[in-house]
Amino acid sequence: MNDTPGWASPGSAPSDGQGAGVPRPSEPVDGSGPAGNWSPTQPPAGQWSPPSTPRNGPGAPPPAAGWGGGPQGPGWGQPPLAAKPGVIPLRPLGVGEILDGAVSTMRAHWRTVLGITLTVSVIAQIAIILVERFLLPEPAQLDPNATGSEALRQAADSAQSALFNSVPSLLITMAATLITTSVLTVVISRSVLGRPVTLSDAWAEARPRLPQLLGLTLLLALISAAIMTAGLLPGMLTGSAAGAGLVLIGFMAAFVVVIWLMVRFCLASPALMLERQSIITSMRRSAKLVRGAWWRTFGILALTALLTLIVAVIITIPFGIIALAVDGDGIGSALTDGSTDFGWPFLIVSGIGEVIISTITYPLSAGVMALLYIDQRIRREALDLELARAAGLPGYNTRS
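Calculation criteria
- Residues numbered from 1 in each chain as written.
- Predicted model: local features only at pLDDT ≥ 70, side-chain atom pairs only at ≥ 80, totals over all residues.
- Heavy atoms only, no water.
- Helix = DSSP H or I, 4+ residues; strand = E, 2+ residues; numbered from the N terminus.
- Buried < 20%, exposed > 50% of the residue type's maximum accessible area, 1.4 Å probe, protein only.
- Areas by Shrake-Rupley, 256 points an atom, 1.4 Å probe, with all protein chains shown as cover.
- Phe/Tyr/Trp six-rings, centres within 6.5 Å; stacked < 30°, edge-to-face > 60°.
- Axes fitted to C-alpha atoms, helices over the stretch in contact; angles between N-to-C directions.
- Parallel < 35°, antiparallel > 145°, perpendicular 65-115°, else oblique.
- Left-handed = near helix turned anticlockwise from the far one by under 90°.
- Contact = heavy atoms within 4.5 Å.
- Nonpolar A, V, L, I, M, F, W, Y, C, P; charged D, E, K, R; others polar.
- Salt bridge = Lys/Arg side-chain N within 4 Å of Asp/Glu carboxyl O.
- Core = buried A, V, L, I, M, F, W, Y, C linked by side-chain atoms within 4.5 Å.

**Description of the overall build of the protein**
Then, in step 1: Along the backbone of the protein there are twelve helices and zero strands.
Then, in step 2: If you list the helices and strands of the protein from N to C, you get α-α-α-α-α-α-α-α-α-α-α-α.
Then, in step 3: The buried share of the protein, taken over its 400 residues, is 37%.
Then, in step 4: For the protein, the computed accessible surface area is about 21900 Å², with 67% contributed by carbon and sulfur atoms.

**A word on the packing of aromatic side chains**
Then, in step 1: The full count for this structure, using the stated rule, is five aromatic pairs.
Then, in step 2: A centroid spacing of 6.1 Å and a plane angle of 25° characterise the contact between F251 and F255, whose relative ring orientation is stacked. With F251 and F255 both in helix α6 (residues 241-264) and four residues apart, the pair spans about one turn of that helix.
Then, in step 3: For F255, a relative accessible area of 44% corresponds to the partly exposed category.

**Overview of the packing of helix α7 (residues 268-275) against helix α8 (residues 279-290)**
Then, in step 1: Contact pair α7 / α8: the axes reach a minimum separation of 8 Å and the direction vectors enclose 120°. Comparing the axis directions of α7 and α8 gives the class oblique. Note that α7 runs across α8; the crossing there is right-handed. Contact with α7, carried on its side by A268, A271, L272 and E275, involves I279, S282, M283, R285 and S286 of α8 and no other residues of that element.
Then, in step 2: Considered class by class, the residues forming the contact of α7 with α8 number five nonpolar, two polar and two charged.

**Looking at the pattern of salt bridges**
Then, in step 1: Scanning the entire structure with this criterion turns up eleven salt bridges.
Then, in step 2: Linking R296 and D375 is a salt bridge whose minimum nitrogen-to-oxygen distance equals 2.9 Å. Of this pair, R296 sits in helix α9 (residues 294-326) while D375 sits in helix α11 (residues 344-381); the two residues are 79 residues apart in sequence, bridging distant segments of the chain.
Then, in step 3: Judged by relative accessible area, D375 falls into the buried class, the value being 0%.
Then, in step 4: Overlapping salt bridges, with partners in common, bring together E275, R285, K288, R377 and E381 in one network.

**A look at the environment of S269**
Then, in step 1: Within the secondary structure, S269 sits in helix α7.
Then, in step 2: Judged by its relative accessible area of 16%, S269 falls in the buried class.
Then, in step 3: Expressed as a C-alpha distance, the spacing of S269 and L216, which sit 53 residues apart in the sequence, is 7.6 Å.
Then, in step 4: Excluding anything up to four places from it in sequence, S269 contacts T181, L213 and L216.

**With respect to the nonpolar core**
Then, in step 1: Counting 32 residues, the largest nonpolar core has V192, L371, I374 and L387 as its most contacted members.
Then, in step 2: Sorting the residues of this core by element identifies α1 (95-108), α3 (148-192), α7, α8, α9, α11 and α12 (383-390) as the ones contributing at least two each.
Then, in step 3: Per-element accounting of this core gives the leading share, eight residues, to α11.
Then, in step 4: By size, the runner-up hydrophobic cluster in this structure holds 25 residues, among which are V113, L184, A206 and L216.

**Quick notes on the packing of helix α5 (residues 210-238) against α7**
Then, in step 1: Running from amino to carboxyl end, α5 crosses α7 at an angle of 165°, the nearest separation of the two axes being 10 Å. Here α5 is positioned roughly antiparallel relative to α7, judged by the angle of their axes. The two elements α5 and α7 meet at a crossing, and its hand is right-handed. On α7, the residues that touch Q212, L213 and L216 of α5 are A268, S269, L272 and M273.
Then, in step 2: Each residue belonging to the contact of α5 with α7 can be placed in one class, and the counts come to five nonpolar, two polar and no charged.

**Thoughts on α7**
Then, in step 1: Burial analysis of α7 places eight of its eight residues in the buried class, the great majority of the element.
Then, in step 2: Within the span of α7, buried status applies to A268, S269, P270, A271, L272, M273, L274 and E275.
Then, in step 3: Positioned one or two residues after α7, R276 has a phi angle of 55°, which is positive.

**Digging into unusual backbone geometry**
Then, in step 1: For R276, which is not glycine, the phi dihedral falls at a positive 55°.
Then, in step 2: Within the secondary structure, R276 sits in the loop between α7 and α8.
Then, in step 3: By relative accessible area, R276 is classed as partly exposed at 38%.
Then, in step 4: One non-glycine residue, A382, lies in the positive phi region at around 55°.
Then, in step 5: With respect to the helices and strands, A382 occurs in the loop between α11 and α12.
Then, in step 6: On the accessibility criterion, A382 (13% relative accessible area) is buried.

Encoded structure:
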């Protein structure tokens with residue numbers, strides 16, 4: 001293991017039946033006792049006796065720190081105190097600790113986090129506004145008086161136009177997400193070890209992995225699109241009344257499969273960044289780490305998505321009201337003829353709101369994903385011991 005963000009190279013994991021490869025703490029710092037033993041001498045087997053002093057009642061000794069509970073340590077069933085060189089304790093994490101670790105990273109490295117997210121968000125939002133304003137055609141208009149086949153045709157044209165117009169913004173957003181995720185993953189890997197990191201250092205570490213990260217993102221998108229097409233195509237080819245029901249069933253089935261696969265491969269991105277693996281190997285690593293913890297992973301990701309949605313709604317509502325207020329002509333035309341051709345005041349104010357949303361949600365999502373990956377490796381592969389060595393904690397060997 002080294003001191004770079006690539007500390008997370010895969011090693012022998014207890015889940016693979018290779019317990020011999022799991023690192024163990026070195027000899028105590030004070031030199032007492034051989035490494036790996038509690039004491040040079042052990043009591044004879046079967047001769048331990050309970051303390052003579054009663055555990056409860058008058059004269060009982062106060063509870064000691066550690067597993068015994070009490071004011072000096074956690075109680076039974078709670079994890080022991082663990083070293084915390086950075087934003088998380090080096091032990092299996094709870095859901096709250098993963099979320100808190102992501103927020104703590106934003107606070108501890110706010111200059112780096114704000115520098116990358118704000119810069120990328122501003123550039124992406126300007127590009128989206130310019131593309132939507134000057135390059136995309138006007139969206140298809142719906143005639144409220146149309147009925148029958150004409151209404152269906154207009155609805156289909158409107159849906160096709162909306163899908164076509166959303167492609168450029170989706171591509172720009174995907175590129176922005178790739179850049180911020182790659183850099184923030186490096187920042188989080190350093191923050192776990194309690195080490196400072198600058199924006200230039202994080203970018204230098206992340207830049208070589210961007211092509212692979214792009215390939216991984218495109219591959220997952222193609223897999224999702226292929227599954228959705230396979231689910232919708234039979235019903236669409238039927239062309240009868242029963243086809244609509246078949247389309248609905250196919251969509252629901254394909255959606256479930258896509259969600260299952262995306263959760264299964266959700267840790268491929270941090271594995272690719274931190275382990276410097278290939279695309280396929282990163283997907284296999286993610287599948288291995290998520291195995292047996294799919295529902296927990298899904299719950300954490302769903303909670304994160306809910307939190308980001310709440311943040312987006314809280315920010316969007318006031319900025320949307322302000323944007324409509326400063327663009328009277330745009331809202332007037334929207335109410336009279338259904339036009340969505342808003343003016344520059346509306347685009348600028350709403351764009352500022354989108355930048356603020358991205359600046360907050362990008363670090364939260366990237367942080368949760370990276371810390372979830374670290375948590376799964378701690379649970380399966382004793383990564384906490386490797387992290388303790390990388391952080392230079394006393395009592396652990398430092399391997400070159």
